[in-house]
Amino acid sequence: MREKPEANMDDHQVVRDTRFFWWSACLISGCVGLVSCNQKQATAPASPLTPTSTSSNQLVGLLVDSNQTVPRKSSSHEQPAPEGMVWIPTGTFMMGQPGKEADVRPAHQVTLDGFWMDKTEVTNEQFAQFVKETDYVTVAERKLDPRDFPDVDPEAIRKTKPSSVVFTPPAKPVPFDVLRSPNIHMAWWRFVEGANWRHPQGPDSTIKGKEKHPVVHICWDDAVAYAKWAGKRLPTEAEWEYAARGGLKGKEFVWGDKIEPNGKPMANIWHGHFPTENTLRDGFRLTAPVGSFPSNGYGLFDMAGNVWEWVADWYRPDYYRNSPAKNPQGPLDSFDPQEPRTPKRVQRGGSYLCIDITCGAYRPYRRMKTSPDTGLSHAGFRCVKSP
């Protein structure tokens, strides 16, 4: 039986600080991860980078968040496949990539027990069913509480309408030589009042006719609430990467080493001069219906591009140095040197906005870091289930 969460999820109540309208971006290997607000600071260490020396035994059976479920040990599956899911077999793989960005090194061997994974990202119609049955209100739809902003005029907070972050191309092209400059992302991201999963581009937009598209403007808290209702959980970062590789070893993409085998687009990513010109070479300007491109070796769709996908783990750039070799559950806390007071969760897979000159995160080893209470117009999720 599916569990009905409280409508407003008090245990996930967002705590924003005075930077709500002065959000910043975290640039990870040239990828933009937007941060609009902070969770309670108790979860974020205000300290320099230090290795997290947690042993395998300490981590097995332990997750950062009580809404997640640790995978049970299993080398095979005997139960019928849950609807819309595929079996990811027990196995060992190399996580990370040698010679790449610092936070994906060192490449290290990881062994995982088998698990079920959604074939596709969670769609608008699936999320709508969840909302219908639970009356759940996403973070992007909630009004701000003046009590969370003690240093701001309460009346100003009361007048602030719910909003979310929307990709908004600038009127003029951005020169290639400045595309990776600090804070250049401000040229194409905007807080839009009334933007949420029902209205992805703002209050005048709709998801009518996009029922099979991935749901967006979903923050980590929203994704956990959905997963709990569905009797599932978010994948660990290791599970996500292992599944994304689809049985291939050390390949650059989830389908092989060439970005376009036989000259055909393999994922919904950006083609053209970002952020103003999209040639629509892959057929889509924004999100694509899930399953529009070939699946990987495990039968999973859109493990590259379309929308970023939340995973369970906190983000630390040093975690791979001492990650457990079996069923790693992620670090016990978060630390981002670029924003040391803001805890971050990991996102994977890239999105329809990714292009090599600024991002290239549609590679299976690339990582994104984003505050867990932030929804974006290019961020969604998929779930897994332990046998």
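Look a little higher up for the structure.
Quantities reported herein were computed from a predicted structural model and do not represent experimental measurements.

**Focus: the overall build of the chain**
Working step 1: Tallying secondary structure elements over the chain gives five helices and 13 strands in all.
Working step 2: Taking as baseline every contact in the chain between residues at least 6 positions apart, the subset at least 24 positions apart corresponds to 76%.
Working step 3: Of the roughly 16200 Å² that the chain leaves accessible, carbon and sulfur atoms contribute 52%.

**Thoughts on the pattern of salt bridges**
Working step 1: Counted according to the given criterion, the structure contains 22 salt bridges.
Working step 2: Note that lysine 232 and aspartate 118 form a salt bridge whose closest N and O atoms lie 2.8 Å from each other. Of the two residues, lysine 232 is situated in the loop between α4 (220-229) and α5 (237-245) and aspartate 118 in strand β6 (residues 115-118); the sequence distance between them amounts to 114 residues.
Working step 3: By relative accessible area, which is 6% here, aspartate 118 ends up buried.
Working step 4: Where glutamate 260 meets arginine 281, a salt bridge forms, and the shortest distance between an N and an O atom there is 2.6 Å. In this pair, glutamate 260 is assigned in the loop between α5 and β9 (308-314) and arginine 281 in the loop between α5 and β9, connecting sequence segments 21 residues apart.
Working step 5: Overlapping salt bridges, with partners in common, bring together Glu237, Glu241, Arg245, Arg348 and Arg367 in one network.

**Things to note about α5**
Working step 1: Among the nine residues that make up α5, nine are buried, leaving the element largely enclosed by the rest of the structure.
Working step 2: After α5 finishes, the residue glycine 246 shows a positive phi value of roughly 60 degrees.

**Details of the sheet that holds β9**
Working step 1: The strand order across the open sheet built from four strands is β11-β10-β9-β12, with neighbouring strands paired in mixed fashion. Two strands in the sheet have a free side with no partner beyond their single neighbour: β11 (368-370) and β12 (379-380).

**Considering the sheet that holds strand β3 (residues 85-88)**
Working step 1: One open sheet holds the three strands; their spatial order is β3-β6-β13, and the pairing between them is antiparallel. Both edges of this open sheet fall to β3 and β13 (384-385), since each of them pairs with a single strand only.
Working step 2: Direction of pairing for β3 relative to β6: antiparallel, over a ladder of four bridges. Among the inter-strand pairings, isoleucine 88 is bridged to a residue of β6, identified as phenylalanine 115.
Working step 3: Against the sheet, α5 contacts β3, β6 and β13, and its axis sits at roughly 75 degrees relative to β6.

**Section: the nonpolar core**
Working step 1: Among the nonpolar cores identified, the biggest contains 49 residues, and Ile88, Met117, Phe274, Leu300 and Met303 are the most heavily contacted of them.
Working step 2: In terms of residue count, the dominant contributor to this core is α5 (five residues).
Working step 3: With residues near it in sequence (within four places) discarded, methionine 303 still touches Met117, Trp240, Ala243, Ala244, Val254, Asn296, Glu309, Gly349 and Arg382.
Working step 4: Phe127, Tyr136, Ala225 and Trp310 belong to the second largest nonpolar core, which has 22 residues in total.

**Structural notes on the environment of lysine 369**
Working step 1: You can see lysine 369 is positioned in strand β11.
Working step 2: In this structure, the C-alpha to C-alpha distance between lysine 369 and tyrosine 315, residues 54 residues apart in sequence, is 6.2 Å.
Working step 3: Of note is the side chain of lysine 369, whose polar atom sits 2.8 Å from the side chain of aspartate 336.
Working step 4: A distance of 2.8 Å separates polar atoms of two side chains, one belonging to lysine 369 and the other to glutamine 338.

**Observations concerning the environment of arginine 190**
Working step 1: Within the secondary structure, arginine 190 is located in strand β8 (residues 189-193).
Working step 2: Of note is the side chain of arginine 190, whose polar atom sits 2.6 Å from the backbone oxygen of methionine 186.

What counts as what
- Per chain, residues are indexed from 1 in the order of the written sequence.
- With pLDDT at 70 or above as the cut-off, local features in this predicted model cover only qualifying residues; side-chain atom pairs require 80 or more to be listed or tallied, and sums for whole chains, interfaces and linings still use all residues.
- Side-chain measures were taken over the full set of non-hydrogen atoms in the model, leaving aside hydrogen atoms and water.
- Numbering goes from the N terminus for both helices and strands, where a helix is a DSSP run of H or I of at least four residues and a strand is a run of E of at least two.
- It only takes one pair of heavy atoms within 4.5 Å for two residues to be counted as in contact.
- Computed with a 1.4 Å probe, the accessible areas rest on the Shrake-Rupley method; for each residue, only the protein chains presented here act as cover.
- In the sections that follow, a salt bridge refers to a side-chain nitrogen of Lys or Arg positioned within 4 Å of a carboxyl oxygen of Asp or Glu.
- Throughout this description, buried means an accessible area under 20% of the type-specific maximum (1.4 Å probe, protein chains only), exposed means over 50%, and partly exposed covers the range between.
- When DSSP locates at least two bridges between a pair of strands, those strands are taken to pair.
- For helices, the fitted line uses only the C-alpha atoms of the stretch in contact; every axis is such a line through C-alpha atoms, and the angle between N-to-C directions lies from 0 to 180 degrees.
- Among the buried residues, those of types Ala, Val, Leu, Ile, Met, Phe, Trp, Tyr and Cys that are joined through side-chain atoms within 4.5 Å form a nonpolar core.
- We define a polar contact as two N or O atoms separated by no more than 3.5 Å, with the added condition that, inside protein, one atom must be a possible hydrogen donor and the other a possible acceptor, whereas residues neighbouring each other in sequence contribute only through side-chain atom pairs.

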